[in-house]
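Chain residues, written in single-letter form:
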Amino acid sequence: MSPTSPANPGCPTRRLTTAQALVAFLARQYTERDGRRQRLISATWGIFGHGNVAGIGQALMEAGGGRSGGGGNGGAGNGAAHRMPYLQGRNEQAMVHAAVGYARQSGRLSAHAVTTSIGPGATNLVTGAALATINRLPVLLLPGDTFATRPADPVLQQLEVEYAGDVSVNDCLRPVSRYFDRITRPEALIPAALQAMRVLADPAGTGAVTLALPQDVQAEAYDWPEEFFAERDWHVRRPAPDTHELEAAVRAVRSARRPLIVAGGGIRHSAAEETLAAFTAATRIPVASTQAGKGALRHDHPADVGGIGHTGTATADELARTADLVIGIGTRFSDFTTASGTLFVNPAVRVLHLNITGFDAHKLAALPLVADARAGLEALTAALAGRGYRVDPAYETEYTGAKEAWEERVEASFATPDPTARPTQTQVLGLLDALVTEDDILINAAGSLPGDLHKLWRTRSRDQYHVEYGYSCMGYEIPAAIGVLLAAEGRTPRRPVWALVGDGTYLMNPTEIVTAVQENLPLKLVVLQNHGYASIGGLSESVGAERFGTAYRHRDADGDFTGPPLPVDLAANAASLGMRVLRATTVDDLRTALSEARDAGGPTCVYVETETPDTVSGPPPAQAWWDVPVAETASRPAAVKAREEYDRQVAARRRHL
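Read on for a plain summary of the structure. Note that the structure is a prediction, hence the values are computed from the model and not measured. (Residues numbered from 1 in each chain as written. Predicted model: local features only at pLDDT ≥ 70, side-chain atom pairs only at ≥ 80, totals over all residues. Heavy atoms only, no water.)

### With respect to the nonpolar core
A general trend in soluble globular proteins is that nonpolar side chains are found buried together.
Step number 1: Core analysis: the biggest nonpolar cluster contains 52 residues, and Leu276, Ile308, Ile329 and Phe344 have the highest contact counts within it.
Step number 2: For this core, the element with the most residues is helix H14 (residues 373-385), which contributes 6 residues. (Core = buried A, V, L, I, M, F, W, Y, C linked by side-chain atoms within 4.5 Å. Buried < 20%, exposed > 50% of the residue type's maximum accessible area, 1.4 Å probe, protein only. Helix = DSSP H or I, 4+ residues; strand = E, 2+ residues; numbered from the N terminus.)

This is how it looks when you write it as structure tokens:
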């Protein structure tokens, strides 16, 4: 006869360690939305040390072990459906990035857990956690913690805080987590685990969730109520708009003569792309996109006018300047999107914001429409249907003509008049543009590539464009591509996944190349070598800092970094980590290498040194401003001139009240 729980007489119990109970619990959590059900936590990444090897590590071994959940003896009562696959990483930050890539590709309906030891393993999670929370993407963090019972104080890697005995390095994760708890007793896991799942499945409140696990508590046994291990479904809700807010939104749209939609990542998270297309078909309102929202409409949709903001298109930015109603849908209205408050400058402009969070919906003093993006658009479309709203045909002709003109600039940037020349960065994108189909997925996060991609890339499917720009974290791309590949696993044929990185980003975090090789994942890595921080170099020049500290070069006789480029061979480095490497020196070489990489069945790197762009093949300049403060006093002419331009631009800033 099974023992029963003291808290619930008559309820049978199972004796497990805290770590075993947590893994068994996680393997039985599911999300459900629109009739689709999937595992909430489908796998666990881990690097083991003294803070988790005997706890979570031992539990994972018993709970399945292999990537597909195979192996192990199911010691925690796991059947085949309830095993917990384990994924081996090389860097804790990178494991979080991989988990975030997986969650985004999974529509935020499935996520990964990440376990680490105490000390540096735990603090390495902080950057990835910040990225997850800023981008509103779910990931479960399980860092080891120091002893709850304090048999020895301090233990190895413990941070001693003189004024507080209950603080550890894991407290660094509090401000970057949407939920945080420290499990100092086994039974405390039950409410904490349920709260963690609630937050992970909350479309308005998701992000990084941290359960700090003292290493002694992980290994401590407890009689867990069997009902803790019952399968549990977490419904991902689609809140509908309030009637009063919906009526106000309808009045705002009907009175607008030059409305503009700003499509954000919330459209993708709620799978509202078709609903948006139906709304624009009925109203003919043009759609500009943020970095996270690009792909909400295909590039060739009549209403799509491209990216908006500092890295946006001339078409979208000019429409934004003259708009009398800006309709935000699922966006955070970051400074890049609003051009630091200088883009929506029509004296008559109003903002209507459809967002699942009230916090975001009220930004820019907007009329709020708090709802799921798809549910809100459906309600707005239905409410407008019988009232005959559609933009003036002259406005539609204006923005479609402007879009055609911008496409000519895209073609000029992609042009390769000399196939024997070294390609520029935009020519690299042009060659990719000519190669890919709607199946391909492009991943990027930092450097000058996000700006070029936002302005120029022709997105062919809702999930092709995967640019992380909430945190713009160097080193995100390679591990995120692994997460995307894992999320797309099982599809035949397998979708081509490209990670595009510059040399600066590559040097930040190449470690998960080893993971891609180990798992034989067909990652397509494109490394663009331009010998430095090209993006920040350009920014530095524009603000009067004269590209200081942005080139990867030897020091000259005066000690400045203006000597020859460093003899760093990133292609050899990638090869040493197990990748197949294709080197390209000319446009023709690159065209061949990209095609070969796309067809490759294993991890493949295309390495190319890029040329400084000229006026023909370089990207169009920024079409809107971005506020980076310039020195108010300076002795160098470049900084003085840059400050004059800064003062001119900042005078145009508008506070939306």
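### Some points on unusual backbone geometry
Step number 1: The omega torsion across Asp153 and Pro154 is 10 degrees, close enough to zero to call that bond cis.
Step number 2: Checked against the element boundaries, Pro154 lands in the loop between strand S8 (139-145) and strand S9 (179-182).
Step number 3: In the Ramachandran plot, Ala271 falls in the positive-phi region, its phi being about 55 degrees despite a non-glycine side chain.
Step number 4: Among the secondary structure elements, Ala271 is positioned in the loop between helix H9 (265-269) and helix H10 (273-283).
Step number 5: Phi is positive for Ala339, close to 55 degrees, though the residue is something other than glycine.
Step number 6: For Ala339, the location among the structural elements is in the loop between helix H12 (335-338) and strand S17 (350-355).
Step number 7: Residue Ala339 is classed as buried on the basis of its relative accessible area of 0%.

### Section: the pairing of strand S16 (residues 325-329)
Step number 1: Counted residue by residue, S16 has 5 buried out of 5 residues, so it is predominantly covered.
Step number 2: Side chains of S16 alternate between two faces, with Leu325, Ile327 and Ile329 and Val326 and Gly328 buried alike.
Step number 3: Judged from the 5 bridges that link them, S16 and S17 form a sheet pairing that is parallel. The partner of Leu325 across the bridge, within S17, is Arg350. (Pairing = 2+ DSSP bridges.)

### Focus: the pattern of salt bridges
Step number 1: For the structure on display, the rule yields 40 salt bridges.
Step number 2: A salt bridge links Asp171 to Arg174, with the nearest nitrogen and oxygen atoms 2.6 Å apart.
Step number 3: Note on Asp171: relative accessible area 17%, which makes it buried.
Step number 4: Classification of Arg174 as partly exposed rests on a relative accessible area of 42%.
Step number 5: Taking the shortest distance from any N to any O, the salt bridge between Arg495 and Asp463 comes out at 2.7 Å. In this pair, Arg495 is assigned in the loop between helix H18 (477-487) and strand S21 (497-502) and Asp463 in the loop between helix H17 (449-456) and strand S20 (465-467), connecting sequence segments 32 residues apart. (Salt bridge = Lys/Arg side-chain N within 4 Å of Asp/Glu carboxyl O.)

### A look at the environment of Gly376
Step number 1: With respect to the helices and strands, Gly376 occurs in helix H14.
Step number 2: Once the C-alpha coordinates of Gly376 and Lys641 are considered, the two residues, 265 residues apart in sequence, prove to be 47 Å apart.
Step number 3: What Gly376 contacts, discounting residues up to four positions off in sequence, is Pro241, Leu354 and Ala371. (Contact = heavy atoms within 4.5 Å.)

### Observations concerning the sheet that holds S20
Step number 1: An order of S20-S19-S21-S22-S24-S23 is seen for the 6 strands of this open sheet, with the pairing classed as parallel. Because the sheet does not close on itself, it has two edges, and the strands there are S20 and strand S23 (580-584). The mean inter-strand angle of the sheet, taken between neighbouring strand axes irrespective of direction, is 20 degrees.
Step number 2: For S21 and strand S22 (residues 523-529), the ladder comprises 6 bridges, and the chain directions are parallel. Bridged to Val501 within S22 is Val527.
Step number 3: The strands that helix H23 (residues 587-599) touches are S21, S22, S23 and strand S24 (604-609); relative to S23, the one it contacts most, it runs at about 160 degrees. (Axes fitted to C-alpha atoms, helices over the stretch in contact; angles between N-to-C directions.)

### Details of the side chain of His656
Step number 1: Counting through the fold element by element, His656 comes out in the segment after helix H24 (637-650).
Step number 2: A relative accessible area of 16% means that His656 is categorised as buried.
Step number 3: Apart from the residues within four sequence positions on either side, His656 is in contact with Phe344, Val349, Leu364 and Ala365.

### Notes on the packing of aromatic side chains
Step number 1: This structure, assessed with the given rule, holds 11 aromatic pairs.
Step number 2: Ring geometry for Tyr222 against Trp224: centres 4.9 Å apart, planes inclined by 75 degrees, an arrangement best described as edge-to-face.
Step number 3: For Tyr222, a relative accessible area of 24% corresponds to the partly exposed category.
Step number 4: Both rings, one in Trp224 and one in Phe228, keep their centres 5.8 Å apart while their planes meet at 20 degrees; by these two values the pair is stacked. The two residues Trp224 and Phe228 agree in class, both being buried.
Step number 5: Through a chain of ring-to-ring contacts, the aromatic side chains of Phe25, Tyr222, Trp224, Phe228 and Phe229 assemble into a single cluster.
Step number 6: Lying across the ring of Tyr30, Arg37 places its NZ or CZ 3.8 Å from the centre.
Step number 7: The side chain of Lys294 reaches across the aromatic face of Tyr465, ending 5.5 Å from its centre. (Phe/Tyr/Trp six-rings, centres within 6.5 Å; stacked < 30°, edge-to-face > 60°. Lys NZ or Arg CZ within 6 Å of the ring centre and 35° of its normal.)

### What about the environment of Arg387?
Step number 1: The topology assignment puts Arg387 in the loop between H14 and helix H15 (393-414).
Step number 2: In the structure, Arg387 is positioned 133 residues away from Arg254 in sequence and 8.4 Å away in space, judged by C-alpha atoms.
Step number 3: With near-sequence residues (within four places) excluded, Arg387 lies in contact with Glu247, Val250 and Arg254.
Step number 4: A distance of 3.1 Å separates a polar side-chain atom of Arg387 from the backbone oxygen of Ala383. (Polar contact = N/O pair within 3.5 Å; in protein donor to acceptor, adjacent residues only side chain to side chain.)

### Considerations on the side chain of Gln29
Step number 1: You can see Gln29 is positioned in strand S2 (residues 29-33).
Step number 2: Within the structure, Gln29 has its side chain in polar contact with the side chain of Trp234 (distance 2.9 Å).
Step number 3: Among residues more than four places away in sequence, those in contact with Gln29 are Gln38, Arg39, Leu40, Ile41, Met197, Ala230, Arg232 and Trp234.

### Things to note about helix H3 (residues 92-105)
Step number 1: Taking 1.5 Å of rise per residue, 14 residues should cover 20 Å, and H3 covers 20 Å from first to last C-alpha, within 8% of that figure.
Step number 2: A large share of H3 lies buried, amounting to 14 of its 14 residues.
Step number 3: With a side-chain oxygen positioned 2.9 Å from the backbone nitrogen of Gln93, the residue opening H3 is Asn91. (Expected span 1.5 Å × (residues − 1).)

### Observations concerning a nonpolar patch on the surface
Step number 1: Judged by side-chain polarity, Leu507, Leu566 and Val568 come together as a nonpolar surface patch covering roughly 220 Å² of accessible area.
Step number 2: Looking at the element boundaries, Leu507 is found in helix H19 (residues 503-508).
Step number 3: Look at Leu507 and you get partly exposed, because its relative accessible area is 45%. (Patch = residues over 30% accessible without salt bridge, like charges linked within 9 Å, V, L, I, M, F, W, Y side chains within 5 Å. Areas by Shrake-Rupley, 256 points an atom, 1.4 Å probe, with all protein chains shown as cover.)

### Thoughts on the sheet that holds S2
Step number 1: Overall, mixed pairing links the 3 strands, which are arranged S3-S2-S12 in an open sheet. Pairing within the sheet leaves two strands with one partner each, and these edge strands are strand S3 (36-39) and strand S12 (232-235). When the angles between neighbouring strand axes are averaged without regard to direction, this sheet yields 30 degrees.
Step number 2: Looking at chain direction, S2 and S3 are connected through 4 bridges and run antiparallel.

### Re the packing of helix H1 (residues 18-26) against helix H6 (residues 189-200)
Step number 1: The interhelical angle for the contact between H1 and H6, taken along N-to-C directions, is 30 degrees, at an axis separation of 11 Å. Crossing handedness for the pair H1 and H6: right-handed. Between H1, through Thr18, Ala21, Leu22, Phe25 and Leu26, and H6, the contact on the second element is made entirely by Leu189, Ala193, Leu194 and Met197.
Step number 2: Split into classes, the residues belonging to the contact of H1 with H6 amount to 8 nonpolar, 1 polar and no charged. (Left-handed = near helix turned anticlockwise from the far one by under 90°. Nonpolar A, V, L, I, M, F, W, Y, C, P; charged D, E, K, R; others polar.)

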